[in-house]
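# Observations on the model geometry
Chain residues, written in single-letter form:
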Amino acid sequence: MDKEDNAAGDNEEASQYALAAGLEDDMMEDDNEEDEEDNEDDEQDGEVEEDDNEDEEESTLTFKDGVNPLDLVEDGAFTDQLYQKFVGMDYEALAEKKRKALVDNRPGGSVKKVRQDDLSGASMEEIMEAMNYGMQRRSRKRKKKGRRKGSRNKLTPEITRMLGDATYHYALGSYEEAIPILSEVIMKAPHLPDAYHTLGLVHHALGNEMKALNFYTIAAHLAPRDSSLWELLFDWFNTRGKTPRAIYCLSRAITADPKNINLKYCRASLYVKVGDYRRAATSYEQIAQTCPDDVEALKTGANMYKLCGQLERSVHILGEYLKGHPTEPDLSVIDLLASMLMQNNAHSDALQHIERARLVSCSQKELPLEMKVKEGICHAYLGNMEKAEMLFNVLEQKSADHAELITKVADSFMSLEQYSSALKYYLMLKGTAESNNGFLHIKMARCYLSLNDRAQAILCFYKALKALENNIDARFTLASLLLEEAREEDAISLLSPPENLDCSDLQTDKSEPWWCNGKVKLKLCHIYRAKGMPKEFVDTIYPLVREALCIESLQQKVKVKKRLTKSVLLERVKVLNSRQTDNLLCGSISVTPASDMSRANRAKKLLEKKAKVKEEKRAKAMAAGADWQSDDSDEDPPEEIHKESPLPDLLKDKENYDLIIDLCKSLASLHRYCEALEIINLALKVTRNISSVAEELRSLGAQIAYNTPDPEHGLDCVKYIADQHPYSYAAWNCYYKVITRFDDWYARHFKFLRGKRDKLKDCAAPMIISGHHLTRKSRHQDAAREYLEAYKLLPENALINLCVGTALINLALGLRLQNKHQSVAQGLAFLYNNLRLCENSQEALYNLARAFHHIGLVTLAAVYYQHVLAIHQKDCLLPKLPHENPESAENLLPGYCDLRREAAFNLHLIYKKSGAVDLARMVLRDHCTF
């Protein structure tokens with residue numbers, strides 16, 4: 001609630017400031033219009049009205065009958081309400097005056113229709129008079145303002161005596177005796193400002209600041225022409241930091257005493273304090289118009305216009321001043337005008353004003369050095385380099401005293417790309433206080449860099465970083481220079497954290513150190529990646545990439561509409577409660593916006609609905625005989641903290657996508673598979689619209705899942721690869737290897753495989769995988785059925801013929817099968833077909849020998865084992881995944897495709913069982929020893 005209260009307070013302050021500032025604008029505009037109308041009337045009528053000394057602005061504050069003003073003061077919030085109400089009253093008064101002025105300017109009266117009967121018998125003059133009724137031009141002569149003389153409400157002798165007694169008691173310090181007398185005066189004369197003022201003084205003396213403020217506020221509104229009361233309120237609000245109310249009271253004081261320049265100065269300074277440079281500039285300009293000799297107000301107003309982006313207005317008011325002082329212009333005004341013209345790239349106009357200053361006011365003496373420098377800069381921008389150098393020569397003799405001017409000259413040459421001249425003046429600052437300025441060394445380094453002097457540029461950047469170690473741009477530029485000079489180790493040292501870090505400094509300094517900056521780490525990781533240092537590369541960039549992807553994925557979630565808490569609803573309903581006090585003050589209006597009233601009404605209805613639902617739940621619980629506890633919490637829900645991404649441009653550049661892929665590859669090479677798969681899954685959530693990147697990430701995830709012992713995180717990747725490449729045996733091999741690591745893999749992936757079989761009738765891979773599963777479950781008949789379905793699609797496929805043959809052989813060895821010989825013959829037929837398709841390869845011969853060995857035909861098995869021993873099989877590449885590098889090195893021993901050792905071992909078993917022990921020993925010695 002603290003944040004909401006602060007936000008509500010800020011909104012209230014902003015609205016109050018807008019009301020006060022807007023009221024002041026309307027007041028000034030209204031006064032200007034009245035002055036113009038008065039001048040027109042004076043010229044036409046030849047008359048000048050005389051102000052009535054007793055005229056005073058009538059107060060708009062009145063009290064209803066039966067309302068005690070003293071009761072209102074007891075309310076602690078009365079000051080806030082009164083302030084807002086009278087701001088609205090002032091707006092209403094100004095609006096009423098403008099509406100009345102518009103009505104006065106319209107033709108008065110209305111032309112009513114005259115019935116035909118009424119016109120009969122009337123003369124032409126009478127008809128014309130009736131038609132012109134109300135259309136006569138009203139006189140331009142204005143009525144006198146204020147009331148007539150002697151119309152002031154005179155005090156009765158009793159009231160006068162009571163006021164005197166109260167003032168006497170106040171002067172003697174008998175405050176407790178003065179209060180009842182003043183209270184009685186207020187009851188008898190509630191619109192008398194003196195009583196409220198004196199009562200405010202009494203409470204101030206007693207230390208009752210809020211009551212004193214309430215009485216001062218009423219007194220000021222009852223006597224709006226009393227500037228001292230408004231100044232008193234201004235001091236009270238200003239010392240307590242209530243700037244909007246201070247500005248309002250100050251504006252009313254200025255209206256009461258428009259000739260008080262100090263008040264206008266104070267209001268302008270308040271505008272500067274709150275950052276309202278436009279109104280501050282307008283206030284200073286009005287002061288300058290009132291006091292033409294006040295040059296400081298003019299210059300301050302020009303600077304304020306410059307701050308609010310109205311540079312042309314600044315130039316205009318300064319130019320108007322110089323036009324009004326053609327013979328004795330102020331040099332500081334010319335200097336300021338020249339500076340603004342130079343900022344506006346109007347160097348020719350600035351040079352004209354400087355020349356004018358030389359001719360008019362400096363004919364007997366030289367221009368100030370600062371104006372000479374500006375003159376030289378203007379000549380430099382206009383191409384008169386020789387003239388500019390002549391004017392700058394004086395700086396060479398006084399370099400120690402005018403470092404700021406030398407810096408301006410050097411910066412000007414640098415902006416003109418005159419790097420040699422700029423470097424000359426930068427070097428003049430050596431030995432001065434500016435020599436330790438890091439920005440000076442950065443500028444010098446850029447000059448050297450533009451002049452292709454890389455060695456000096458590197459030295460200057462190192463000097464700059466000693467003073468400005470947190471300057472990321474300078475560190476980046478220096479690192480790039482070092483890399484171009486093939487000094488990678490120096491670049492790494494420059495971007496790496498300091499070796500000896502002081503933990504106490506890190507804890508006390510709340511700002512982020514430069515080595516924790518995301519850009520620095522990104523630059524450093526690029527260097528590590530280019531040098532082939534995967535461990536350092538991963539350690540540098542992995543935490544940042546992970547955090548950035550997590551933040552980006554959270555921001556893409558659907559935002560749930562925030563539920564308003566009960567405390568917020570009650571705060572909104574307070575607007576309706578505050579309106580009930582509006583009728584206590586006659587003439588006051590509500591300044592509550594219609595949107596706030598609508599929100600308050602909705603909040604009230606929602607609270608009533610919640611209360612009704614809560615009561616129904618309670619009644620049901622009581623009827624059921626259960627203890628009812630409300631689940632409605634008045635506490636606010638925890639507010640989500642918006643975190644800034646350490647790498648905000650991570651997903652905006654194609655190079656950064658390559659960085660993520662390289663990071664995952666590096667993590668996989670370091671056997672950090674879980675972290676690699678986590679990065680892949682996070683990246684897939686935020687790169688779904690980029691198909692090429694997502695495809696490569698999924699392929700990489702499938703490869704990692706293929707190699708990792710725990711493939712849970714990469715399961716989606718292998719499924720995607722199999723789904724995108726349904727006719728690729730490599731994709732299905734990867735998928736099958738990953739899913740077989742789960743105990744209940746078939747139950748989990750049955751729907752996926754069944755869906756592929758139903759959708760792709762000509763795809764044999766799902767059938768083969770189902771057959772493999774049934775084979776593992778020793779359901780050879782069902783496995784043979786699946787393999788035969790695949791055989792119908794690919795009869796010339798060696799793998800399918802092998803699977804069908806082995807399934808039929810295993811089926812023949814069962815106990816329930818009656819036609820075992822037929823099954824064996826069919827199985828051998830498929831194995832011989834596999835031998836044909838594989839062109840009598842070592843693997844096909846070994847499978848056939850293994851089948852004969854399995855069914856007990858050891859003679860034929862021995863023959864085929866000997867055929868296997870006679871063939872030397874070379875190693876071949878294993879199947880690769882899509883997008884996988886075919887040249888990637890495999891960590892396999894030589895001879896991983898040769899089956900001679902396996903065949904020799906099986907053959908020795910046959911020889912040993914048949915009694916040929918020596919022959920079995922010879923086979924093992926020749927083929928199974930190293």
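All values reported here derive from a predicted model rather than from experimental measurement.

## Examining the overall build of the protein chain
When helices and strands are counted, the protein chain shows 44 helices and two strands. Counting every position in the protein chain, which comprises 930 residues, the buried fraction comes to 39%. In the protein chain, 60% of the contacts between residues at least 6 apart in sequence involve partners at least 24 apart. Taken as a whole, the protein chain presents about 54,200 Å² of accessible surface, with 51% of it coming from carbon and sulfur.

## Quick notes on the pattern of salt bridges
Summed over the entire model, instances satisfying the criterion amount to 30 salt bridges. Across the salt bridge formed by Arg454 and Glu484, the nearest N and O atoms sit 2.4 Å from each other. Residue Arg454 is located in helix H23 (residues 454–467), and its partner Glu484 is located in helix H24 (residues 472–484); the two are separated by 30 residues in the primary sequence. Residue class for Arg454 comes out partly exposed when judged on its relative accessible area of 32%. Across the salt bridge formed by Lys756 and Asp723, the nearest N and O atoms sit 2.1 Å from each other. One end of the pair, Lys756, is in helix H36 (residues 745–759); the other, Asp723, is in helix H34 (residues 715–724), and 33 residues separate them in sequence. Take Lys756: its relative accessible area is 6%, and that puts it in the buried class. For Asp723, a relative accessible area of 32% corresponds to the partly exposed category. Through salt bridges with shared partners, a single ionic network connects Lys535, Asp539, Arg672 and Glu675.

## Regarding the packing of aromatic side chains
Under the defined criterion, the tally for this structure stands at 17 aromatic pairs. Taking the centre distance of 5.5 Å and the plane angle of 90° together, the rings of Trp236 and Phe237 count as edge-to-face. A residue is classified by how much of its surface remains accessible, and Phe237, at 3% relative accessible area, is buried. Between Tyr846 and Tyr865, the aromatic rings sit 6.1 Å apart at their centres with planes inclined by 55°, giving tilted as the arrangement.

## Describing the state of the cysteines
Enumeration over the complete set of coordinates arrives at zero disulfides. The structure places no disulfide on Cys460, whose sulfur is separated from the nearest cysteine sulfur, that of Cys447, by 9.1 Å. On the basis of relative accessibility, which here comes to 5%, the residue Cys460 falls in the buried class.

## Section: the side chain of Arg279
For Arg279, the location among the structural elements is in helix H13 (residues 277–290). Within the structure, Arg279 has its side chain in polar contact with the side chain of Asp276 (distance 2.8 Å).

## A word on the environment of Leu199
Inspection of the secondary structure assignment puts Leu199 in helix H8 (residues 193–206). Owing to a relative accessible area of 1%, Leu199 belongs among the buried residues under this scheme. Put simply, Leu199 and Phe215 are 16 residues apart on the chain and 6.7 Å apart in space, counted from C-alpha to C-alpha. Apart from residues lying up to four places away in sequence, Leu199 is in contact with Leu70, Ile179, Leu182, Ile186 and Phe215.

## A short note on helix H43 (residues 900–914)
The periodicity of an α-helix, 3.6 residues per turn, causes residues three or four positions apart to be oriented the same way. Along its 15 residues, H43 runs 21 Å from first to last C-alpha, staying within 8% of the 21 Å computed at 1.5 Å per residue. Considered for burial, the residues of H43 that qualify are Ala903, Ala904, Asn906, Leu907, His908, Ile910 and Tyr911. Buried positions along H43 lie against helix H41 (842–855), helix H42 (858–869) and helix H44 (917–927). Within two residues after H43, Gly915 carries a phi angle of roughly 100°, on the positive side.

## Considerations on the confidence of the model for the protein chain
Mean pLDDT for the protein chain: 77, with 73% of residues reaching 70 or above. Within the protein chain, the lowest mean pLDDT, 36, falls on strand E2 (residues 585–586), and the highest, 93, falls on helix H40 (residues 820–837). Taken as a whole, residues 107–152 scores under 50 in pLDDT and shows 43 contacts with residues more than four places along the chain or in a different chain. The low-confidence segment residues 504–509 (pLDDT under 50) makes two contacts with residues lying over four places distant or belonging to another chain.

## As for a nonpolar patch on the surface
On the surface, Tyr729, Leu793 and Leu794 cluster together into a nonpolar patch covering about 230 Å² of accessible area. Mapping Tyr729 onto the fold places it in helix H35 (residues 729–739). Overall, Tyr729 belongs to the partly exposed group, its relative accessible area being 37%.

## Examining the packing of H41 against H43
Running from N to C, H41 and H43 cross one another at 25°; their axes reach a closest spacing of 11 Å. It follows that H41 is roughly parallel to H43 by the angle criterion. Handedness of the crossing formed by H41 with H43: left-handed. On the side of H41, the interface is formed by Gln842, Tyr846, Arg850 and His853, while H43 contributes Arg900, Glu902, Ala903, Asn906 and Ile910.

## Comments concerning unusual backbone geometry
You will see that Ala486, though not glycine, has its phi angle at about 60°, which is positive. Here Ala486 shows up in the loop between H24 and helix H25 (488–495). Of the residues examined, Ala486 reaches a relative accessible area of 53% and is grouped as exposed. Despite not being glycine, Glu839 has its phi angle at roughly 60°, a positive value. Among the secondary structure elements, Glu839 is positioned in the loop between H40 and H41.

## Some points on H42
With twelve residues, H42 should reach 16 Å at 1.5 Å per residue; the first-to-last C-alpha distance of 16 Å fits that figure. Buried within H42 are the following residues: Ala861, Ala862, Tyr864, Tyr865, Val868 and Leu869. Where H42 is buried, its residues touch H40, H41, H43 and H44.

## What to know about the packing of H34 against H35
Direction vectors running N to C along H34 and H35 enclose 150°, while the axes themselves pass 8 Å from each other. Between H34 and H35, the angle falls in the class roughly antiparallel. Crossing handedness for the pair H34 and H35: left-handed. Counting all contacts with H34, which are made through Leu715, Val718, Lys719, Ile721 and Ala722, the residues of H35 involved are Ala731, Trp732, Cys734, Tyr735, Val738 and Ile739. A class-by-class count of the residues in the contact of H34 with H35 yields ten nonpolar, no polar and one charged.

## A short note on the nonpolar core
If you look at the biggest cluster of nonpolar residues, it comprises 182 residues, and the most contacted ones within it are Ile541, Leu549 and Ile660. If one sorts the elements of this core by residue count, helix H32 (residues 673–686) sits on top with nine residues. Those residues in contact with Ile541 that lie beyond four places of it in its chain are Lys521, Leu522, Cys525, Leu647, Leu659 and Leu663. Counting 28 residues, the second-largest nonpolar core is a separate cluster that includes Val824, Ala903, Ile910 and Tyr911.

Rules of the game
- Residues numbered from 1 in each chain as written.
- Predicted model: local features only at pLDDT ≥ 70, side-chain atom pairs only at ≥ 80, totals over all residues.
- Heavy atoms only, no water.
- Helix = DSSP H or I, 4+ residues; strand = E, 2+ residues; numbered from the N terminus.
- Buried < 20%, exposed > 50% of the residue type's maximum accessible area, 1.4 Å probe, protein only.
- Contact = heavy atoms within 4.5 Å.
- Areas by Shrake-Rupley, 256 points an atom, 1.4 Å probe, with all protein chains shown as cover.
- Salt bridge = Lys/Arg side-chain N within 4 Å of Asp/Glu carboxyl O.
- Phe/Tyr/Trp six-rings, centres within 6.5 Å; stacked < 30°, edge-to-face > 60°.
- Disulfide = S-S within 2.5 Å.
- Polar contact = N/O pair within 3.5 Å; in protein donor to acceptor, adjacent residues only side chain to side chain.
- Expected span 1.5 Å × (residues − 1).
- pLDDT = per-residue confidence, 0-100.
- Patch = residues over 30% accessible without salt bridge, like charges linked within 9 Å, V, L, I, M, F, W, Y side chains within 5 Å.
- Axes fitted to C-alpha atoms, helices over the stretch in contact; angles between N-to-C directions.
- Parallel < 35°, antiparallel > 145°, perpendicular 65-115°, else oblique.
- Left-handed = near helix turned anticlockwise from the far one by under 90°.
- Nonpolar A, V, L, I, M, F, W, Y, C, P; charged D, E, K, R; others polar.
- Core = buried A, V, L, I, M, F, W, Y, C linked by side-chain atoms within 4.5 Å.

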